[in-house]
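# Descriptive analysis of the structure
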Amino acid sequence: MPVPCRTGCGKNAMLKRPKTGDALCKECFFWAFETEIHFTITKGELFKKGDSVAVAASGGKDSTVLAHVLKTLNERYNYGLNLMLLSIDEGITGYRDDSLETVKQNRDDYEMALKILSYKELYGWTMDEIVAQIGRKNNCTFCGVFRRQALDRGAAMLNVKCIATGHNADDIAETVLMNVLRGDIARLKRCTAISTGSEGTIPRVKPLKYTYEKEIVMYAHYKKLVYFSTECVFAPNAYRGHARALLKDMEKIRPTCIMDIIYSGETMEVKEAVSLPSQRVCIRCNFVSSQEVCKACVLLEGLNKGLPKLGIGKSSKAKRMLEEYNAKQHKSLEEAIKDINEEYEKNNCISKGKVCRSSCKSKQTAQINKTHKTTSETCCNGQSDEKLNTDNDITNSKVKVLLKEYGLSEPAQDDSSNLIAVKIDHSNTEKVGNATNDDDFEVDSHNTDEQIVDEDDTCGGACGKIDSLHISF
């Protein structure tokens, strides 16, 4: 026997509302569904006339119904809103690439502008690449944090007044349960707010806050709306899934438990002695954060440094991991410098036929100031003093060749102890034919015994010690 519509419109009922248990026809259900959302919008003062509103569109049932209802109410009640779609491409093969086609269909059906931002474009990573690093556990942490910030970035690009998200009553009840189970007092207090966002940031509003998920599915079905219904391939491992399963089991026993949980979250109070983090702006990306550096920046830094678990868990754990990473990097640098120095010390202190001045300085000074010894004193590479004399002659002859080549007069030398230092800056030398700028050279003549030949620093890089300031990566 047919059941008449509860409203008394004279039509037979087509469905029973999960929220109230009323038997309604399709038209009365549509009217009740849309009117309740209109009441939520007006009571919460979510929009102002003339506002530009970005609808967070994923292609799923919630965002599709939200876009359709907002367009309908905007025309029916003359909200005066400029509606547009904002979609985030997480880079999940077999899921997001297909759902974006549905978003494009919604763009055409509802005649709204569409903006698509990708994780790859914003962060340099796709979710497929992130999961390859982090694994199937905790991957939803990355996706959720990055998506929230991506919506803020997109809203700033579109210059909108607020972002309308498709969070329904089931989603909010699940979030309340999750925060209770995790003891997250800060999120527990604000997860039931219909509008979130601190001063100076773009707020997010939830027009579907009191709308049941089952009724959203019914509305999309009877309205024949086009939406994407496949679940994310990474979602089965999410912690939210356990809260959802618990909520569904409770709903079978008591359908009003969803609204009861939301009401409990709204009326829950926190002791004054409990300190809660205040929302601020991240010092790196300038987007909303509860810490000095936002979670998105911490997670991204961990990915880029090969520490994918850096942002998972407490902030103290992340700080400890960063300290260990920096210490390891510093130690690796010191070991590399030590290896290079040891390798150079094994050389014969000869580079391109020149005697090493750094390690043989005392030998050369002694040779200049004293008469030649009959005994054969050797350098660090085993060369005799005669070899040192020969090398000095070669060095001085090369100085003469350079002076002659560049048209400079050779300074007078009183004896063999007068040493010449020539400094040449090849980077500033300008040749025009055979002419050269004389300002690029310095010629000094000294009669001090301590002066060392410094005409060419060939060996300085071959056997001189190096430190971290001389190495660039």
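See above for the structure.
Residues numbered from 1 in each chain as written. Predicted model: local features only at pLDDT ≥ 70, side-chain atom pairs only at ≥ 80, totals over all residues. Heavy atoms only, no water.

## Some details on the pattern of salt bridges
Counted only if it meets this: Each salt bridge in this description consists of a side-chain nitrogen of Lys or Arg and a carboxyl oxygen of Asp or Glu lying within 4 Å of one another. Only runs of H or I of at least four residues qualify as helices and only runs of E of at least two qualify as strands under DSSP, and these elements are numbered from the N terminus. We call a residue buried when its accessible area falls under 20% of the maximum for its residue type, exposed when it is over 50%, and partly exposed in between, using a 1.4 Å probe and counting protein chains only.
This model, assessed by the stated rule, comprises 26 salt bridges. Measuring nitrogen to oxygen at the nearest pair gives 3.4 Å for the salt bridge that ties lysine 19 to glutamate 36. Of this pair, lysine 19 sits in the loop between β1 (15-16) and β2 (23-24) while glutamate 36 is found in helix α1 (residues 26-44), placing the two residues 17 residues apart along the sequence. Its relative accessible area of 28% is what places glutamate 36 among the partly exposed residues. Of the charged contacts in the structure, one is a salt bridge between glutamate 90 and arginine 147, with a shortest N-O distance of 3.6 Å. On the criterion of sequence distance, the pair formed by glutamate 90 in the loop between β4 (82-89) and α3 (96-110) and arginine 147 in helix α6 (residues 139-158) is long-range, its members being 57 residues apart.

## Here's the deal with a nonpolar patch on the surface
Test applied: Residues enter a patch when their relative accessible area is above 30% and they make no salt bridge; the linking distance is 9 Å between like charges and 5 Å between nonpolar side chains (Val, Leu, Ile, Met, Phe, Trp, Tyr). Using a 1.4 Å probe, the Shrake-Rupley method yields the accessible areas, and only the shown protein chains count as cover for residues.
Taken together, Ile185, Val274 and Leu276 make up a surface patch of nonpolar side chains, about 200 Å² in accessible area. Checked against the element boundaries, valine 274 lands in the loop between α11 (257-267) and β9 (280-281). Given a relative accessible area of 38%, valine 274 falls into the partly exposed group.

## A few points about the environment of serine 278
Going by this rule: Two residues form a contact once any of their heavy atoms are found within 4.5 Å.
In this structure, serine 278 sits in the loop between α11 and β9. Each C-alpha atom, one on serine 278 and one on serine 290, is 5.7 Å from the other, the two residues being twelve residues apart in sequence. Apart from residues lying up to four places away in sequence, serine 278 is in contact with Ser289 and Ser290.

## Some details on the packing of helix α7 (residues 169-182) against helix α10 (residues 240-253)
Going by this rule: Only the contacting stretch of a helix is used when fitting its axis, a line to C-alpha atoms as for every element, and angles between N-to-C directions run 0 to 180 degrees. For classification purposes, an angle smaller than 35 degrees is called roughly parallel, one larger than 145 roughly antiparallel, one from 65 to 115 roughly perpendicular, and anything else oblique. Here a crossing is taken to be left-handed if its near helix is turned anticlockwise relative to the far helix by less than a right angle, and right-handed if that turn runs clockwise. Three classes are used, and their members are as follows: Ala, Val, Leu, Ile, Met, Phe, Trp, Tyr, Cys and Pro are nonpolar, Asp, Glu, Lys and Arg are charged, and the others, Gly among them, are polar.
At a minimum axis distance of 9 Å, the contact between α7 and α10 shows a crossing angle of 115 degrees. Between α7 and α10, the angle is such that the two are roughly perpendicular. Like other packed secondary-structure pairs, α7 and α10 cross with a definite hand, here right-handed. Of the residues in α10, those touching α7 at Asp170, Asp171, Ala173, Glu174, Thr175, Leu177 and Met178 are Arg240, Ala243, Arg244, Leu246, Leu247, Lys248 and Glu251. For the contact of α7 with α10, the residue count by class is six nonpolar, one polar and seven charged.

## Re α7
Which entries qualify depends on this criterion: Here, expected helix span is obtained from the residue count minus one, scaled by 1.5 Å. Polar contact is the term for a pair of N or O atoms within 3.5 Å; when the atoms are in protein, one must be able to donate a hydrogen and the other to accept it, and sequence-neighboring residues count only if both atoms are side-chain atoms.
With 14 residues, α7 ought to run about 20 Å at 1.5 Å a step, and its terminal C-alpha atoms sit 20 Å apart, in line with that. Burial analysis of α7 places eleven of its 14 residues in the buried class, which makes it a mostly covered element. When we look at burial in α7, the residues that qualify are Ala169, Asp170, Asp171, Ile172, Ala173, Glu174, Thr175, Val176, Leu177, Met178 and Asn179. Lining the buried residues of α7 we find α2 (61-76), α8 (185-190), α9 (213-222), α10 and α11. Of the residues that open α7, the one with a side-chain oxygen 3.0 Å from the backbone nitrogen of aspartate 170 is asparagine 168. Once α7 ends, the next one or two residues include glycine 183, with phi positive near 70 degrees.

## Section: the nonpolar core
As a rule of thumb, soluble globular proteins bury nonpolar side chains together. What counts here: By convention a nonpolar core is built from buried Ala, Val, Leu, Ile, Met, Phe, Trp, Tyr and Cys residues, the set being connected through side-chain atoms within 4.5 Å.
With 38 residues, the main nonpolar core has Tyr119, Tyr123, Met127, Ile130, Phe142 and Phe146 as its most contacted residues. Looking at this core, the elements that each hand over two or more residues are β3 (52-56), β4, α4 (119-123), α5 (127-134), α6 and α12 (295-304). The element best represented in this core is α6, accounting for seven residues. With residues near it in sequence (within four places) discarded, isoleucine 130 still touches Trp125, Gly135, Phe142, Phe146 and Leu303.

## Remarks on the packing of aromatic side chains
Short version of the rule: Stacked, edge-to-face and tilted labels apply to pairs of Phe, Tyr and Trp rings (six-membered ring for Trp) whose centres lie within 6.5 Å, assigned for plane angles under 30 degrees, over 60, and everything in between, in that order.
Scanning the model with the defined rule gives ten aromatic pairs in all. Between phenylalanine 33 and tyrosine 219, the ring centres sit 4.5 Å apart and the planes meet at 15 degrees, which makes this aromatic pair stacked. With phenylalanine 33 in helix α1 and tyrosine 219 in helix α9, this pair connects stretches of sequence that are 186 residues apart. Both residues of the pair, phenylalanine 33 and tyrosine 219, belong to the buried class.

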